[in-house]
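Chains, contacts and geometry: an overview
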Amino acid sequence: MMRGLGELESTIMDRMWARRRPASVREVVEELRLERTIAYTTVMTVMDKLHTKGLLKRRPVGRAYVYEPVASKEAYTADLMRDALAGSGNQAATLVHFLERLSPEEAAALEAALQVFPNRGRPV
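Scope of this entry: the structure provided in the associated data block.

Thresholds applied
- Residues numbered from 1 in each chain as written.
- Predicted model: local features only at pLDDT ≥ 70, side-chain atom pairs only at ≥ 80, totals over all residues.
- Heavy atoms only, no water.
- Salt bridge = Lys/Arg side-chain N within 4 Å of Asp/Glu carboxyl O.
- Helix = DSSP H or I, 4+ residues; strand = E, 2+ residues; numbered from the N terminus.
- Buried < 20%, exposed > 50% of the residue type's maximum accessible area, 1.4 Å probe, protein only.
- Pairing = 2+ DSSP bridges.
- Core = buried A, V, L, I, M, F, W, Y, C linked by side-chain atoms within 4.5 Å.
- Contact = heavy atoms within 4.5 Å.
- Axes fitted to C-alpha atoms, helices over the stretch in contact; angles between N-to-C directions.
- Polar contact = N/O pair within 3.5 Å; in protein donor to acceptor, adjacent residues only side chain to side chain.

**Focus on the pattern of salt bridges**
Side-chain pairing between opposite charges can occur once the charged atoms of the two side chains come close. Per the stated rule, a full pass over the model turns up nine salt bridges. Between Arg-19 and Glu-31 there is a salt bridge, and its shortest N-O distance comes to 2.2 Å. Taken as a pair, Arg-19 in helix 1 (residues 7–19) and Glu-31 in helix 2 (residues 25–32) lie far apart in primary sequence, 12 residues in all. Classification of Arg-19 as buried rests on a relative accessible area of 14%. Look at the salt bridges and you will find they share partners, linking Arg-15, Arg-19, Glu-27, Glu-31 and Glu-35 into a network.

In structure tokens, the structure reads:
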């Protein structure tokens, strides 16, 4: 089962998703230092853990690695949602509770998404 990210993991992944290109630990550290004090080794450790978790892939460049996301933020979020649903005791009840909590904008996004897959999971 996939689990959510910690605060620093989430911050780093958001940076990586926003970049849309590979980045070294040093580049990520430089971006983060614009907002906070953070050690290079801390970022290196977290990016290594994100690689171990399968969220970042890496390749060596010189004596360092460059990292990039394995999947988009949207795909990661979809996996979290699917795992949460799969882990619920009653999927139908969970979906009803989810739908009850949707904002009008979220409901419209759901309706638009269902238009992409109009017959998926529903009788024809």
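Text resumes after the structure shown.
**With respect to the pairing of strand 3 (residues 64–69)**
With two bridges joining them, strand 1 (residues 23–24) and strand 3 adopt antiparallel strand pairing. Across the sheet, the residue bridging to Ala-23 is Tyr-67, located in strand 3. Inspection of the sheet shows strand 2 (residues 56–61) paired to strand 3 by six bridges, in the antiparallel sense. When the bridges of strand 3 are listed, Pro-60 appears paired with Tyr-65. A loop of two residues connects strand 2 with strand 3, the two strands running antiparallel in sequence, and Gly-62 in this loop sits at a positive phi of about 65 degrees.

**Digging into the nonpolar core**
One broad rule of soluble globular proteins: the nonpolar side chains tend to lie buried together. Counting residues in hydrophobic clusters, the biggest one holds 19 residues, and the most contacted among them are Ile-12, Met-16, Val-28, Val-43 and Met-47. Mapped by element, the contributors of at least two residues to this core are helix 1, helix 2 and helix 3 (40–52). Among the elements that take part in this core, helix 1 stands out by supplying five residues, more than any other. The contacts of Met-16, once residues within four sequence positions are left out, are Ala-23, Val-28, Met-47, Leu-56, Tyr-67, Glu-68 and Pro-69.

**Digging into the sheet that holds strand 1**
What the three strands build is an open sheet, ordered 1-3-2; its pairing is antiparallel. Of all strands in the sheet, those with a lone pairing partner are strand 1 and strand 2, marking the two edges. Here helix 1 sits on the sheet and contacts strand 1, strand 2 and strand 3; the angle it forms with strand 3, its principal contact strand, is near 80 degrees. Helix-sheet contacts for helix 3 involve strand 1, strand 2 and strand 3, and the interaxial angle to strand 2 is about 120 degrees.

**Focus on unusual backbone geometry**
The phi angle at Arg-20 is positive, at roughly 60 degrees, despite the residue not being glycine. Tracing the backbone shows Arg-20 in the loop between helix 1 and strand 1. Assessed through its relative accessible area of 76%, Arg-20 is described here as exposed.

**Let's talk about the environment of Arg-58**
Inspection of the secondary structure assignment puts Arg-58 in strand 2. In the structure, Arg-58 is positioned 11 residues away from Pro-69 in sequence and 8.8 Å away in space, judged by C-alpha atoms. Beyond its immediate sequence surroundings of up to four residues, Arg-58 is in contact with Asp-48, His-51, Tyr-65, Val-66 and Tyr-67. A polar contact of 3.3 Å, which involves the side chain of Arg-58, links it to the side chain of Tyr-67.

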